[in-house]
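Structural overview
Okay, here's what each chain looks like letter by letter:
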Amino acid sequence: MTVKVAIVGRPNVGKSTLFNRLVGKRLALVDDRPGVTRDRRYADGRLGDLDLTLIDTAGFEDVSDQSLEARMRTQTERALDEADLALFVMDAREGVVPLDRIFADLLRKRDMPVVLIANKAEGRQGDHGVGEAAALGFGEAVPLSAEHGEGMADLFAAVVEAL
Ligand code: GDP
Ligand code: MG
């Protein structure tokens, strides 16, 4: 079984770093789907013994007359439409910011499993944000360092429990 996973959250929280870590050596298999989904990247990945198809909700490089927030919302909604589970990433060091709440509201409207991740939690600098994240309404956040690969076993356990 392959689980389709959308990685969502506001810019700069580490979504693409997590995507790359879960994809690992398979990055060469990234499907760019030119012209169709500039805002989203797809690749196969693995977490524990789970096979994943990952969807990274990415940048806003394209010129558009939509506001950034509307663009983010649209690409996130499309990724969620395709996914079995959402990885909702926030920044443990910055704590919960208003934009995180917009994503939380959007996820709450859906009947799909959500695993909340407090990223950049290496060291102790993220402790406060990890605690704050629970206020987003998706239970305790999984502390993670996508950059350093810390917390991946806990992430696997949380995903298995959520599915
Ligand atoms: P995105 O916009 O959500 O896709 O975020 P990126 O993956 O592009 O990461 C944004 C910034 O956060 C980059 O400078 C990353 O190197 C950094 N970053 C990502 N994950 C971590 C992490 O676990 N710890 C720290 N300290 N920085 C991270
Ligand atoms: Mg990104």
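Note that the structure is a prediction, hence the values are computed from the model and not measured.

Cut-off values and rules
Residues numbered from 1 in each chain as written. Chains lettered and ligands numbered in written order. Predicted model: local features only at pLDDT ≥ 70, side-chain atom pairs only at ≥ 80, totals over all residues. Near = placed C-beta within 6 Å. Helix = DSSP H or I, 4+ residues; strand = E, 2+ residues; numbered from the N terminus. Nonpolar A, V, L, I, M, F, W, Y, C, P; charged D, E, K, R; others polar. Core = buried A, V, L, I, M, F, W, Y, C linked by C-beta atoms within 7 Å. Buried ≥ 20, exposed ≤ 12 C-beta atoms within 10 Å, placed from the backbone. Contact = placed C-beta atoms within 7 Å. Pairing = 2+ DSSP bridges.

**Let's talk about the site of ligand 1**
The immediate surroundings of ligand 1 are formed by 14 residues, with Gly14, Lys15, Ser16, Thr17 and Glu147 found nearest. At three residues, the largest contribution of residues to the shell around ligand 1 is made by helix α1 (residues 15–23). Partitioned by chemical class, the residues of the shell around ligand 1 number three nonpolar, seven polar and four charged.

**With respect to the nonpolar core**
Counting 43 residues, the largest nonpolar core has Ile7, Phe88, Leu116, Ile117 and Ala118 as its most contacted members. Every residue in contact with Leu116, bar those within four places of it in the chain, is listed here: Phe88, Ala133, Leu136, Phe138, Gly139, Ala141 and Val142.

**Observations concerning the pairing of strand β2 (residues 40–47)**
The pairing of β2 with strand β3 (residues 50–57) spans eight bridges and is classified as antiparallel. Of the residues in β3, the one forming a bridge with Arg41 is Asp56. Linking β2 to β3, which pair antiparallel, is a turn of two residues; within it Gly48 sits at a positive phi near 55 degrees.

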